[in-house]
Amino acid sequence: MTEMLLFNPFMPGFTDDPYPHYRELRDADPVQEHPMGFWFVSRHDEVADLLRANLSVEQRHLAPHPVRDSIRGEGEASLRGGGLSMLDRDPPDHTRLRRLVSKVFTPRAIEGLRPRITELVDEAVDRLSGGGDVVAELAFPLPFAVINEMLGMPLADAERVRDLTGTLVRSLEPIADPDLVSRIRDADAELSALCREAIAAKRAEPADDLLTALVRAEEDGDVLDDDELVAQVVLLYVAGHETTVNLISNGVVALLRHPDQLRALRETPELIGNAVEEFLRYDSPVQSGRRVTTRPVTVADREIPAGSFVLLGQASANRDERFWGPDADTLRLDRRDARLHVSFGAGPHHCLGAALARMEAQVAIGRLVARCPNLAQAGEIEWNGRINLRGAARVPVSV
Ligand code: HEM
């Protein structure tokens with residue numbers, strides 16, 4: 001009997017380079033029912049269809065599963081904003097929460113940040129002038145500084161908030177360690193308390209920032225209550241930080257490993273917009289999405305029953321040769337359809353911060369390449385060991 005090929009993100013080497021395993025899965029079993037109690041979908045068309053299929057994101061719809069239930073004590077949503085963030089809600093709650101936040105998180109508000117982002121990037125590139133680690137100096141601090149300043153949180157809390165966010169983001173990974181669960185729960189309580197204090201301060205003394213705008217956000221008499229408000233702010237921190245760190249770090253790694261593409265970007269700086277789409281495709285900062293079926297769903301001739309936990313392999317979809325053609329594994333900054341990647345999801349939960357993430361990455365990588373004509377790798381690249389928010393943790397360069 002041939003051995004069954006199962007999705008196994010815990011196998012050695014997976015978090016350094018998951019792509020060969022994804023390819024095997026796409027070829028052998030693209031809609032896989034896993035004995036651990038989930039489904040793994042790995043081809044582009046099925047992932048894109050299911051993202052748009054209005055499946056649920058609420059884990060209360062999960063049917064009991066003996067193996068999964070014995071290893072998963074607590075739904076990850078309840079660890080983060082008590083399950084009240086838009087990421088963890090279905091309509092009608094999702095619709096109203098997203099509408100209220102979108103009202104203030106506008107393309108105009110985001111575009112207005114460009115000069116400040118450029119300033120922060122230039123300071124980081126200055127720090128790299130004698131060489132150093134791109135992650136520590138640029139990719140890691142930038143996205144947090146941007147969202148923290150945009151919200152208008154007290155600067156005195158910044159370092160603590162950044163640490164708490166770093167713990168909370170682990171709720172997006174498979175968790176086997178009970179200690180981590182309790183650390184995540186504590187971090188959520190502490191960050192929520194800091195947000196509550198900051199919100200009270202904005203009520204007393206409004207300012208020109210996102211937190212004040214969220215406090216005031218109202219549509220047709222509808223407002224965010226305090227718990228909802230806190231959960232959306234926590235979500236902006238969690239969803240907006242390490243994801244963007246990974247985009248910048250993984251983008252720089254991709255360039256260092258493809259000197260011809262680095263040269264092309266240096267010679268044609270206008271490529272940067274499409275280059276960032278290709279970085280998103282080539283090495284997705286979020287590897288998989290999660291959904292729950294509330295009705296049977298048929299995909300690629302397989303029926304996924306109601307109550308199933310479904311992992312949508314976005315990073316795998318982004319390398320599916322059936323969709324992208326035979327050069328799916330090649331980095332091509334001038335790829336014409338790069339924007340068809342599914343790294344920001346699709347459908348009702350499509351990333352609300354996509355425009356901000358794109359701008360940060362375009363400015364960060366664009367300035368780094370423009371200002372460092374001799375940019376080159378100067379030591380071992382280290383990966384962060386994460387299954388879902390997978391990215392480079394250390395990228396030493398000489399400039
Ligand atoms: C949702 C990816 C940056 C805010 C999502 C989703 C993905 C994603 C895949 C959908 C999750 C799902 O379908 O369940 C990314 C990536 C980023 C990034 C790859 C960076 C490269 C940001 C930033 C912010 C942000 C900078 C804001 C500061 C959000 C929010 C949602 C979301 C609020 C929830 C939308 C909803 O549920 O309706 N993101 N994100 N993201 N993202 Fe992002």
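Each value, and the rule that gives it
Residues numbered from 1 in each chain as written. Predicted model: local features only at pLDDT ≥ 70, side-chain atom pairs only at ≥ 80, totals over all residues. Core = buried A, V, L, I, M, F, W, Y, C linked by C-beta atoms within 7 Å. Buried ≥ 20, exposed ≤ 12 C-beta atoms within 10 Å, placed from the backbone. Helix = DSSP H or I, 4+ residues; strand = E, 2+ residues; numbered from the N terminus. Near = placed C-beta within 6 Å. Nonpolar A, V, L, I, M, F, W, Y, C, P; charged D, E, K, R; others polar. Pairing = 2+ DSSP bridges. Axes fitted to C-alpha atoms, helices over the stretch in contact; angles between N-to-C directions. Contact = placed C-beta atoms within 7 Å. Expected span 1.5 Å × (residues − 1). Arc of directions from axis to C-beta. Parallel < 35°, antiparallel > 145°, perpendicular 65-115°, else oblique. Left-handed = near helix turned anticlockwise from the far one by under 90°.

Where an unreviewed UniProt entry is consulted, the protein appears under the name Cytochrome P450, with the organism given as Actinokineospora fastidiosa.

S.K.: Is there a simple way to think about the nonpolar core in this case?
M.R.: Proteins that are soluble and globular tend to have nonpolar side chains buried together. Membership of the largest hydrophobic core comes to 83 residues, with the highest contact counts inside it found for Leu138, Val234 and Ile248. If one sorts the elements of this core by residue count, helix α12 (residues 226–240) sits on top with 10 residues. The next biggest cluster of nonpolar side chains, apart from the first, holds 24 residues, and it includes Val31, Phe40, Val297 and Ala346.

S.K.: Hey, could you run me through the site of the ligand in this one?
M.R.: As a matter of local geometry, the ligand sits amid 24 residues, with Gly240, Thr243, Gly345, Cys351 and Gly353 nearest to it. Going through the elements one at a time, α12, α13 (242–257) and α18 (354–371) are the ones with two or more residues in the shell around the ligand. No other element matches α12, which puts four residues into the shell around the ligand. For the shell around the ligand, the residue count by class is 15 nonpolar, eight polar and one charged.

S.K.: Sorry, what's going on with the sheet that holds strand β1 (residues 31–34) here?
M.R.: Pairing between the strands of a sheet is mediated by backbone hydrogen bonds and can be parallel or antiparallel. Strand order across the open sheet formed by four strands is β1-β2-β9-β6, with mixed pairing between neighbours. Of all strands in the sheet, those with a lone pairing partner are β1 and β6 (288–292), marking the two edges. Pairwise comparison of adjacent strand axes, ignoring direction, gives a mean angle of 25° for this sheet. On top of the sheet, helix α2 (residues 44–51) reaches β1, β2 (38–41), β6 and β9 (309–313); it is set at about 125° to β9, its chief contact.

S.K.: How should I be thinking about the sheet that holds strand β10 (residues 376–377) in this particular structure?
M.R.: Within the open sheet, the three strands sit side by side as β3-β13-β10. Their pairing is antiparallel. Strand pairing shows two members of the sheet lacking a second neighbour, β3 (132–133) and β10, which therefore form its edges. Bridge count for β10 against strand β13 (residues 396–398) is two bridges, and the pairing is antiparallel. Note that in β13 the partner of Gln377 across the bridge is Val397.

S.K.: Before we go on, may I ask you to explain helix α4 (residues 93–104) in this structure?
M.R.: The α-helix winds at 3.6 residues per turn, so residues separated by three or four positions along the chain end up facing the same way. Between its terminal C-alpha atoms α4 stretches 18 Å, which fits the 16 Å expected from 12 residues at 1.5 Å a residue. Restricting attention to buried positions, one finds in α4 the residues Leu97, Arg98, Leu100 and Val101. Down the axis of α4, the sector holding all buried residues measures 160°, keeping them to one side.

S.K.: Quick question: what am I supposed to make of the environment of His258 here?
M.R.: Residue position: His258 is located in the loop between α13 and α14 (259–267). C-alpha separation for the pair His258 and Val31, spaced 227 residues apart in sequence, amounts to 32 Å.

S.K.: Please explain helix α8 (residues 141–151) as it appears in this structure.
M.R.: Burial runs high along α8: eight of the 11 residues are buried. Listed in full, the buried residues belonging to α8 are Leu142, Pro143, Phe144, Val146, Ile147, Asn148, Met150 and Leu151.

S.K.: Would you mind showing me how to read the pairing of β2 here?
M.R.: Consecutive residues of a regular strand have side chains that alternate between opposite faces of the sheet. The alternating pattern of β2 places Phe38 and Phe40 on one face and Trp39 and Val41 on the opposite face, and all of these are buried. When β1 meets β2, the two strands line up antiparallel, connected through four bridges. Residue pairing for β2: Glu33 is matched across the bridge by Trp39. Adjacent in sequence and paired antiparallel, β1 and β2 are bridged by three residues, among which Gly37 carries a positive phi angle near 100°. Where β2 and β9 come together, three bridges link them in parallel fashion. Its bridge partner lying in β9, Val41 is registered against Leu312.

S.K.: I'm lost on the packing of helix α6 (residues 114–127) against α18 in this one. Help?
M.R.: Helix-helix packing is described using two parameters, namely the angle between the two axes and the distance between the axes. Two elements in contact, α6 and α18, have axes separated by 9 Å at closest approach and are oriented at 40°. The angle between α6 and α18 places the two elements in the oblique class. Between α6 and α18 lies a crossing of right-handed hand. Listed contacts from α18 to Arg114, Ile117, Thr118, Val121, Asp122 and Val125 of α6 are Met359, Glu360, Val363, Ala364, Arg367, Leu368 and Arg371. Each residue belonging to the contact of α6 with α18 can be placed in one class, and the counts come to seven nonpolar, one polar and five charged.

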